[in-house]
Amino acid sequence: MIELVLAILIATLILVGAAFALVAAIGLNRLPDVYTRMHAASKAGTVGSGLMLIAVGLHAGDVATLARALAGFFFFVLTAPISAHLLAMAALKMGYPLASHTVRDEMQNHREAI
Amino acid sequence: MTPAAMILSSAIWIALVVLGLAFLLTVRRVVIGPTLPDRVVALDMLVGIVIGFIALIAIRTGFTLYIDIAISLGLVGFLATVAFARFILARGGRAPAPPQPADFVPAGLVPTAQSPKPSGKRKAEPPAPPRRKKSR
Amino acid sequence: MITFLLSLIFAVIWVAVTGSASVQNLILGFALSTFALWIVREEASGQAYMRRVWRIFSLLMLFFKELALSAWKVAVLVASPRMPLKPGIFAFPLTVDRDFEITLLASLITLTPGTLSVDVSADRKLLFVHALDCSNVDATKRDIAQGFEKKIIEAFR
């Protein structure tokens, strides 16, 4: 019985993780510019792979593996915003344009200063 | 085959198909991505998807050692993205502008064209390729 | 007393992470955590420390809630057929001023719904945030200021 519940839990984690990865990939293709694409990749992508790692930890069924999987999840969550931030900053400083229907840009007055 | 194992294996199959689809879509963005940052974002995403694949394989085969492989792959992917970001910064000015509709660049969004300091510096230099020299 | 309790907890965590539940390992973990706590004995004594730990924990909980919410929001946005998108960059006036706090706030903002921190102005007074939905910037600013920024100040001041 417990085995079945665990299997269902792991299956749910796997499927939700895969669905998030797919959504991130679709977003990568549908969104209009680099910056909006970064939203999709850095959030949905991270959550997707993180959920699957946790599923591995649960499936192994011992505490050491689960701890390692959780450590991996934390690691991904920590690094994703840093790389996204760095990329966005680099792209903006180098003048890659925002999408045409961007509604406001409060940074343009500051861009010469940076 | 117990029901638990059946649920698990079918879930893994479905997830493999979904991830494969996501992988192909991301590769599409890597190939067509009009600018370099687009491609870097897509490559970053590819690493995430491959980590998902590794996790699925770990569950299928039961080797928990795959977790360490996934973590190291994540580390390499992070470092690669950081290096790419530095590269984008160091390469300087924008590569040949991709063909875009005329209204794509809103007025005042190209920073180096009107900022007084860099352009003044550039005038002093001999006609060089449009790249900013930075010490880092 | 509280130090003893903390080292016991750390020893158990050590056993869990190293993955061998022998008595020797437990003792080693206890010794290590006692040593680690002895290093930080100045900070780790008394009520204030426990309160701070609790606040950091509550910040962490808020963060995971927002992370789940943000992945879900992006998913819904991308899956909707017309994508009601109003992207833009707004400037968020920073109250926190230390490097560490600004870094933490920027990272947290990146992983919350529809926002992605882009840069900090040269005088470190403004944080530039790219948002997917710029229709109500003031509400977003207020959410950040009263959510994460307040909690960061509570946890680390």
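Residues numbered from 1 in each chain as written. Chains lettered and ligands numbered in written order. Predicted model: local features only at pLDDT ≥ 70, side-chain atom pairs only at ≥ 80, totals over all residues. Heavy atoms only, no water.

**Considerations on the overall build of chain A**
1) Next: Tallying secondary structure elements over chain A gives three helices and one strand in all.
2) Next: What you see in chain A, going N to C, is helices and strands ordered as α-α-α-β.
3) Next: Evaluated residue by residue, chain A yields a buried proportion of 64% over its 114 residues.
4) Next: Sequence separation of 24 or more characterises 57% of the internal contacts of chain A that already satisfy a separation of 6 or more.
5) Next: Accessible area for chain A stands at about 3,800 Å²; split by element, carbon and sulfur atoms hold 71% of it. (Helix = DSSP H or I, 4+ residues; strand = E, 2+ residues; numbered from the N terminus. Buried < 20%, exposed > 50% of the residue type's maximum accessible area, 1.4 Å probe, protein only. Contact = heavy atoms within 4.5 Å. Areas by Shrake-Rupley, 256 points an atom, 1.4 Å probe, with all protein chains shown as cover.)

**Thoughts on the interface of chain C and chain A**
1) Next: Between chain C and chain A, the contact holds 44 residues from the first and 40 residues from the second.
2) Next: Approximately 3,400 Å² of surface area, both sides summed, lies buried where chain C meets chain A, with 76% of it carried by carbon and sulfur atoms.
3) Next: Seen at the junction of chain C and chain A, the total is zero salt bridges.
4) Next: Sorting the residues of the side of chain C that touches chain A by element identifies helix 1 (2-18), helix 3 (47-79), strand 1 (88-93), helix 4 (99-110), strand 2 (115-120), strand 3 (126-131) and helix 5 (137-156) of chain C as the ones contributing at least two each. (Buried area = accessible area lost by both parts, 1.4 Å probe. Salt bridge = Lys/Arg side-chain N within 4 Å of Asp/Glu carboxyl O.)

**Things to note about the UniProt feature "transmembrane region" (unreviewed entry) in chain C**
1) Next: This chain's UniProt record puts "transmembrane region" (unreviewed entry) on residues 56-79 of chain C.
2) Next: Between the end C-alpha atoms of residues 56-79 of chain C there is a gap of 35 Å, over a span that is 100% helix and 0% strand. (UniProt positions renumbered as here; feature names shortened; annotations may be inferred.)

**A closer look at the nonpolar core**
1) Next: Core analysis: the biggest nonpolar cluster contains 101 residues, and I14(A), Y35(A), I59(B), I88(B), F90(C), F92(C) and L105(C) have the highest contact counts within it.
2) Next: Residues contacting I59(B), with those up to four places away along its chain left out, are I10(A), I14(A), A55(A), V56(A), H59(A), L8(B) and I12(B). (Core = buried A, V, L, I, M, F, W, Y, C linked by side-chain atoms within 4.5 Å.)

**Quick look at the interface of chain A and chain B**
Interface extent is often summarised as the accessible area lost during association of the parts.
1) Next: Each partner contributes to the interface: chain A provides 57 residues, whereas chain B provides 64 residues.
2) Next: If you look at where chain A meets chain B, you find two salt bridges.
3) Next: Salt-bridge contacts for D38(B) lead to R37(A); the nearest nitrogen and oxygen are separated by 2.3 Å.
4) Next: In this structure, the connection of chain A to chain B is made through seven residue pairs in polar contact (both at pLDDT 80 or more).
5) Next: Counting residues per element, the ones that place at least two in the side of chain A that touches chain B are helix 1 (2-30), helix 2 (34-60) and helix 3 (63-93) of chain A.
6) Next: The dominant element in the side of chain A that touches chain B, judged by the number of residues it contributes, is helix 1 of chain A, at 17 residues.
7) Next: Split by residue class, the side of chain A that touches chain B holds 37 nonpolar, twelve polar and eight charged. (Polar contact = N/O pair within 3.5 Å; in protein donor to acceptor, adjacent residues only side chain to side chain. Nonpolar A, V, L, I, M, F, W, Y, C, P; charged D, E, K, R; others polar.)

**Re the pairing of strand 2 of chain C**
Residues and elements named next belong to chain C.
1) Next: Within strand 2, five of the six residues are buried, which leaves the element mostly enclosed by the surrounding structure.
2) Next: For strand 2 and strand 3, the ladder comprises five bridges, and the chain directions are antiparallel. Counterpart to D119 in the pairing with strand 3 is F128.
3) Next: Counting the residues in the hairpin turn of strand 2 and strand 3 gives five residues, including R124, whose phi is positive at 55°. (Pairing = 2+ DSSP bridges.)

**Quick look at the environment of A19(A)**
1) Next: Turning to its location among the elements, A19(A) is positioned in helix 1.
2) Next: Residues A19(A) and A44(A) lie 25 residues apart in sequence; the distance between their C-alpha atoms is 9.2 Å.

**What about the packing of aromatic side chains?**
Where two aromatic rings form a pair, the distance of their centres and the angle of their planes describe that pair.
Residues and elements named next belong to chain C.
1) Next: Per the counting criterion, the structure on display carries nine aromatic pairs over all chains.
2) Next: Between F35 and W38, the ring centres sit 6.2 Å apart and the planes meet at 25°, which makes this aromatic pair stacked. With F35 and W38 both in helix 2 (residues 23-39), this residue pair falls three residues apart, about one helical turn.
3) Next: Summarising the aromatic geometry, the rings of W54 and F57 are spaced 5.7 Å apart at their centres and angled 35° between planes, so their arrangement reads as tilted. Taken together, the positions of W54 and F57, both in helix 3 and three residues apart, correspond to about one turn of that helix.
4) Next: Looking at W54, the relative accessible area reads 55%, which means it is exposed.
5) Next: Judged by relative accessible area, F57 falls into the partly exposed class, the value being 40%. (Phe/Tyr/Trp six-rings, centres within 6.5 Å; stacked < 30°, edge-to-face > 60°.)

**Things to note about the confidence of the model for chain A**
1) Next: Per-residue pLDDT for chain A averages 82, and the proportion of residues at 70 or more is 87%.
2) Next: Between the elements of chain A, mean pLDDT differs from a low of 67, seen in strand 1 (residues 104-105) of chain A, to a high of 89, seen in helix 1 of chain A. (pLDDT = per-residue confidence, 0-100.)

**Topic: the confidence of the model for chain C**
1) Next: Per-residue pLDDT for chain C has a mean of 80; in total, 94% of the residues score no lower than 70.
2) Next: By mean pLDDT, the top-scoring element of chain C is helix 2 of chain C (85), and the lowest-scoring one is helix 1 of chain C (79).

**Focus: the side chain of T81(B)**
1) Next: By secondary structure assignment, the location of T81(B) is in helix 3 (residues 66-91).
2) Next: In this structure T81(B) comes out as buried when scored by relative accessible area, which is 5%.
3) Next: Among all residues touching T81(B), those that are not within four sequence positions of it are S83(A), L87(A), V40(B) and D44(B).

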